[in-house]
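For reference, the chains in residue letters:
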Amino acid sequence: LQGYPMHTSAGLIASGGIIAPIIPPSMPFVIYGVTTNTSISALFLSGIVPGLIMGAGLIVAWKLVLRNIELPEGQPLPMRERLQATLKAFWAMLMPVIIIGGMKSGVFTPTEAAVAAVIWALFLGLVRYRSMNIRTLAQATFETIETTASVLFIVTAASIFAWLLTTTQAAQALADWILSMTDNKWVFLLLANLLILFVGCFIDTIAAITILVPILVPIAQQLGVDLVHFGLIMVLNLMIGLLHPPMGMVLFVLARVAKLSVERTTMAILPWMVPLLIALGLVTFIPAISLWLPRALG
């Protein structure tokens, strides 16, 4: 890491990584949108501004955490190399433009947008960047099949669970219990944040969405919470839950990759949780942060 503190750098990289599913394209948004019949393109757009806020918060936190540590000075890149790197990355950065632009213009549906993204990625990997060959393509295909199969098993189990909640009226009973305590949507959002954040520490993101949606979304609808806004809150909580001690999945992956103990990794994560939780609070209680862009673009 060129002289940067290992634990601090590892914590920042892991914290920055959870922003990826917030800024489109995002699989959790697709699962939530399909489950709740919410506009996927609106969900994609809702994550852009919060993602930028989270990134800015991590930058500020980095400056504060390392303000008393002498850091190595990097060598500035010549302008020619900067332009070459920008041009090289330009083609990859077109993917979200293709996905969102195609859906907003009506060229293709969200499902067709996923196909278009795969075709574009194959073109970049096989033709433009030549970072893939037939062997790596076959390997990626088999890994995709395994991942898709596991996701389908999770969705199937979660669908059965949702059916049981419906037939036993457990979801309605829980909704009535929560509404008996409060009919204030802001109090509900606070309680939902705590619940989803806790669940995100223990359960896979896709499974958590498919399990929590039939429980929480009906309550949100009764209280007048915008489902795009609630979808962003749910996904953001689950992403932070991946980092959150004691059982966050990213926590253990980071410990293994960085060759640090889980305790040391937990301490490395904690400073970066502050800006992420602040961003979560802003997104929860200021809906315009997430809803401004989807509404501005219709």
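If you're wondering where the values come from, they're calculated on a predicted model, not measured in any experiment.

1. Focus: the pattern of salt bridges
Okay, so step 1: This model, assessed by the stated rule, comprises 1 salt bridge.
Okay, so step 2: Where D226 meets R295, a salt bridge forms, and the shortest distance between an N and an O atom there is 4.0 Å. Here D226 is found in the loop between α10 (205-222) and α11 (227-243), whereas its partner R295 is found in helix α14 (residues 288-296), with 69 residues between them in sequence.
Okay, so step 3: Residue class for D226 comes out partly exposed when judged on its relative accessible area of 30%.

2. Some points on the nonpolar core
Okay, so step 1: The biggest cluster of nonpolar side chains holds 70 residues, and the ones touching the most others in it are Y32, F188, I209, L216, F230, M234 and I240.
Okay, so step 2: Ranked by residue count, the leading element in this core is α11, at 13 residues.

3. Things to note about the packing of helix α9 (residues 185-200) against helix α13 (residues 262-285)
Okay, so step 1: Orientation of α9 relative to α13, taken along the N-to-C sense of each, is 145°, at an axis distance of 10 Å. Between α9 and α13 lies a crossing of right-handed hand. Here W186, L189, L190, N193 and L197 of α9 come into contact with α13, specifically with L277, L280, T284 and F285.
Okay, so step 2: For the contact of α9 with α13, the residue count by class is 7 nonpolar, 2 polar and no charged.

4. With respect to the packing of aromatic side chains
Okay, so step 1: If you walk through the whole model with that rule in mind, you get 6 aromatic pairs.
Okay, so step 2: For the ring pair F90 and W91, a centre distance of 5.5 Å and an interplane angle of 75° mean the geometry is edge-to-face.
Okay, so step 3: Residue F90 is classed as partly exposed on the basis of its relative accessible area of 41%.
Okay, so step 4: With a centroid separation of 6.0 Å and an interplanar angle of 20°, the aromatic rings of F188 and F230 are classed as stacked. Here the residue F188 occupies a position in helix α9, and F230 occupies one in helix α11, the gap between them amounting to 42 residues. You'll find F188 and F230 in the same group, each marked buried.
Okay, so step 5: These aromatic residues form a ring-pair network of at least three members: F90, W91, W120 and F123.

Conventions used here
Residues numbered from 1 in each chain as written. Predicted model: local features only at pLDDT ≥ 70, side-chain atom pairs only at ≥ 80, totals over all residues. Heavy atoms only, no water. Salt bridge = Lys/Arg side-chain N within 4 Å of Asp/Glu carboxyl O. Helix = DSSP H or I, 4+ residues; strand = E, 2+ residues; numbered from the N terminus. Buried < 20%, exposed > 50% of the residue type's maximum accessible area, 1.4 Å probe, protein only. Core = buried A, V, L, I, M, F, W, Y, C linked by side-chain atoms within 4.5 Å. Axes fitted to C-alpha atoms, helices over the stretch in contact; angles between N-to-C directions. Left-handed = near helix turned anticlockwise from the far one by under 90°. Contact = heavy atoms within 4.5 Å. Nonpolar A, V, L, I, M, F, W, Y, C, P; charged D, E, K, R; others polar. Phe/Tyr/Trp six-rings, centres within 6.5 Å; stacked < 30°, edge-to-face > 60°.

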